[in-house]
Structure formats: C-alpha cells, structure tokens
Amino acid sequence: MGDTVSHRGLRLIADAVLLASVLAAVACSFIRSLPAGTPAQIELARALGAAALLIFTLEYAVRLWIAPEQASGRNGPMARLDYARSFLGVIDLIVILPGWLALLLPVSTGLIELVDLLALLKLARFAPALGLVGTVLRNEARSLVGALMAMVVLLVLAAGVMYLLERNAQPQLFDSIPHTLWWAIVTMASVGYGDMVPATAAGRVFGGIIMLLGIAIFAVPTGILATGFAQEIRRRDFTVSWQAVAGVPLFAGLDAPRIASITRLLKPQSVPRNYTIVRRGDPADAMFFILRGAVEVELIPQPVKLGPGQFFGEIALVKDTTRLATVTAIQDTQLLALEVNDFRRLMAQLPDLKTRIEAVVEERLQTLEEAVPKLRNADKPQADPPA
Ligand SMILES: Nc1ncnc2c1ncn2[C@@H]1O[C@@H]2COP(=O)(O)O[C@H]2[C@H]1O
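The structure reproduced in this document is the subject of the present report. Since we're looking at a predicted model, the values are computed, not measured.

1. Structural notes on the overall build of the chain
Logical step 1: Along its length, the chain carries 14 helices and eight strands.
Logical step 2: Contacts in the chain between residues far apart in sequence, at least 24 positions, make up 73% of those at least 6 positions apart.
Logical step 3: With the model as given, the accessible surface of the chain reaches about 21500 Å², and the carbon-plus-sulfur share is 66%.

Next comes the structure, spelled out in structure tokens:
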C-alpha cells in the first residue's frame, strides 16, 4: 500500500514538472516574439526554452525505457515501438524533435518561436476530454466532409460568378477567379473586411445572395458538430439500471434489495475504443464490470478478450497490489466501476461473492504466473476490510 502511495506521489510530481515545463516553453515563445526584447529577457527565454526541451527529452527517454513495464503482453522493442507510434508518443516526439533541430541547424527565428509553442500539444496528456473532440470528429466525418464539400463548391462558384460580374468595373480588384476567392471566403464567413466590395448593381445583388447563403451553409457543420457532441455525451452518460446489474453473472442469485444496493455503488463509465482502462504497474482504485463492448487484457503469449457480463481489475484489489496487466477497450465500451472501499465493504458483507471472486483471481493468477513467472512475488496478503 505504501508503494502505491509513493507511486501516486511520484506521478503527481512528474505531472507538475511537465506542466511547469509546458508553461516555461510557452513563456519562452512569448518573450522571443517581443520586438524589442532586452538582453536579460532574451537570456531568460533561452534558459526557459532549453530547460523545457531538456525535461521533455528526458521524459521521452523515460517513457521509451519503461514502455515494456507498462505493456505486459509485449516484448521490450515492440512495447517501445508501440509507445513511439501511439498518439501521445508521436506528440512527445513532435515537441522535442524541432527543438533539437533548431539547436543544431540554423533556422529562421519565426520557426524557433513556433517550436516552443508546440509544447502546448502536450496538454493532450492532461485533458482526456480532448478525446471527446476526436471521437465526435471521427463519428461525424462523413457528414462533415459532405458539408465542407458543399461549402467549397459554393465558394468557387460564387468567386467565378462575381469575377464575371465585376472584372470590367473593377479590374484591379477582381482580376482573377483565385483573387476573387478571397472576396467569397470573407463574404460567406460573414467577416466582411471591406477590402473587395462589388460596385455593379448585379454584383451587389449577387453579393447579398451569397451573404445569406453563407450563413446557411456555415450553420450546417456547426449543427452537425453540436448534434454529434450531444449524442456522444448522452451515450457516455448512461445510467446504471437495476436490470443491468442483475444481468451481471457474478450477481446472479442475489436478492432484489441486495442488487438495488449494489446498483447504487456502481459508477457508470464509458470509454472509447483503444482507451487503456488500467495499466500494468499503476495503483488500483476500482474494479470494473463490462456492460457493453469488449476489452483486451495484454497477456503473453496472447491477449485475453473479455466481454459483456465479465469483470476485470479485481486482482489488484483482492491482493492489495498494483495492476498486474494492462487492459484496453477494443470497442466503445460501457463499464460499471466498483471503487476499492465499496469493494472491500461488499466483500465483508457477502462472503459468497468474495469466494467466487477469489476463485476467479486464483485462476487468472495462474495464467499470469505462467506468462510472467516473477509475478508470484507481487502477491501480497489481502488487507483487512475497513471496519
Ligand atoms: N488470465 C486472465 N484472464 C482474464 N483477465 C485477466 C487475466 N489476467 C489478468 N486479468 C485481468 O487484468 C486485470 C489487470 O488489473 P488487475 O491486476 O487489478 O486485475 C487483472 C484481471 O482482472
């Protein structure tokens, strides 16, 4: 348990250092962009940028180094390659690579300012809600592409027609279709800089029609995204029903009031495909029942797939240790989480349930021990449930 607490403390410190480095890199970028920076300010920017780059490089090296520890089912090089190719791994690399290139190769100052701003991408690690944006964009990709294509077609047609209407009256402004595209974009987006204005009566009438169409056509992707967000949030915020809990095989045979009380303890959680729910070596705070979807437990020689009605994450709670395997959703999955304190209380109240969970734990530990023999040492006696 002490191990778990110190593990959590270390992680908090590492996160704080990383966040401070992101702030330092952004501050460095801001200072560098000042047109009349003093030598002291330029020196400060250089120091902040170098410190942030060093910390991000160290972080990348550590993540590569510990990747096999995090992925129990993969050998060293494969696990490291998996991290390097993962979304967050690529972001980690994008943040450091240009920084080192900028140090080694002479590049324009504009690029150096941008390089430090790239550190903001690292916030993706601290904002899981960003995943929601990605999921909505993926879900609505077809409709969005359709709406964007309609927009592009209208833009080009509007530019073509306006060029024909205005080229004789204002040849210096509406001198080509590509140049008139600027007028079309500014007009359809309701920005209206006023740098290109139709002068002919026909041009003004046509311009008015394009303005009205622009409002309508820009509303389409906005509507698609708003609906997509609402649907995704509704899908994730499902409520736990009595029937859903009664349908979990482990609870079969319990009486209705008992199932009702368990229902109140279980917290609904939706995770997208490819989301890592528990990671080997991490501290444990809950076990999970699968309501819908499927997960994969990373094991050697091959992963184990678990589906609706099955559970995972119980071993670390029963054995009071850190997670023994990494579990990832292989479909969009709905889970019911039972937090550690509720789990211990329930085990104390329902010895029958405890025996059944312990039997599954023993069976799974056997498979795990065959896969990773050193795990036997990870077993610790079970902690007494709190009074
Ligand atoms: N052989 C296995 N079959 C199914 N699930 C397993 C197996 N080994 C480990 N797991 C699950 O993977 C989980 C990882 O977190 P825990 O160690 O808390 O609990 C573990 C089990 O629930």
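After presenting the structure, the write-up continues.
2. Observations concerning the site of the ligand
Logical step 1: Lining the immediate surroundings of the ligand are 16 residues, of which Gly313, Glu314, Ala316, Arg323 and Leu324 lie closest.
Logical step 2: In the model, an oxygen atom of the ligand is placed 2.8 Å from a nitrogen or oxygen of the Arg323 side chain.
Logical step 3: Within the side chain of Arg364, an N or O atom sits 3.2 Å from an oxygen atom of the ligand.
Logical step 4: Elements that contribute at least two residues to the shell around the ligand include exactly helix 12 (315-319) and helix 14 (351-371).
Logical step 5: No other element matches helix 14, which puts three residues into the shell around the ligand.
Logical step 6: Of the residues assigned to the shell around the ligand, the class counts are eleven nonpolar, two polar and three charged.

3. Focus on the side chain of Thr333
Logical step 1: Secondary-structure assignment places Thr333 in strand 8 (residues 333-339).
Logical step 2: A polar side-chain atom of Thr333 sits 3.2 Å from the main-chain carbonyl oxygen of Ala294.
Logical step 3: Side-chain polar atoms of Thr333 contact the backbone oxygen of Gln331, separated by 2.7 Å.
Logical step 4: Discounting residues that sit within four places of it in the chain, Thr333 has contacts with Gln269, Ser270, Val271, Ile290, Arg292, Gly293, Ala294 and Val295.

4. Remarks on the side chain of Glu314
Logical step 1: Of note, Glu314 is situated in the loop between strand 6 (311-312) and helix 12.
Logical step 2: Overall, Glu314 belongs to the buried group, its relative accessible area being 1%.
Logical step 3: Setting aside residues no more than four positions away along its own chain, Glu314 makes contact with Met287, Ile357, Val360, Val361 and Arg364.

About the criteria used
Residues numbered from 1 in each chain as written. Predicted model: local features only at pLDDT ≥ 70, side-chain atom pairs only at ≥ 80, totals over all residues. Heavy atoms only, no water. Helix = DSSP H or I, 4+ residues; strand = E, 2+ residues; numbered from the N terminus. Contact = heavy atoms within 4.5 Å. Areas by Shrake-Rupley, 256 points an atom, 1.4 Å probe, with all protein chains shown as cover. Near = heavy atom within 4 Å. Polar contact = N/O pair within 3.5 Å; in protein donor to acceptor, adjacent residues only side chain to side chain. Nonpolar A, V, L, I, M, F, W, Y, C, P; charged D, E, K, R; others polar. Buried < 20%, exposed > 50% of the residue type's maximum accessible area, 1.4 Å probe, protein only.

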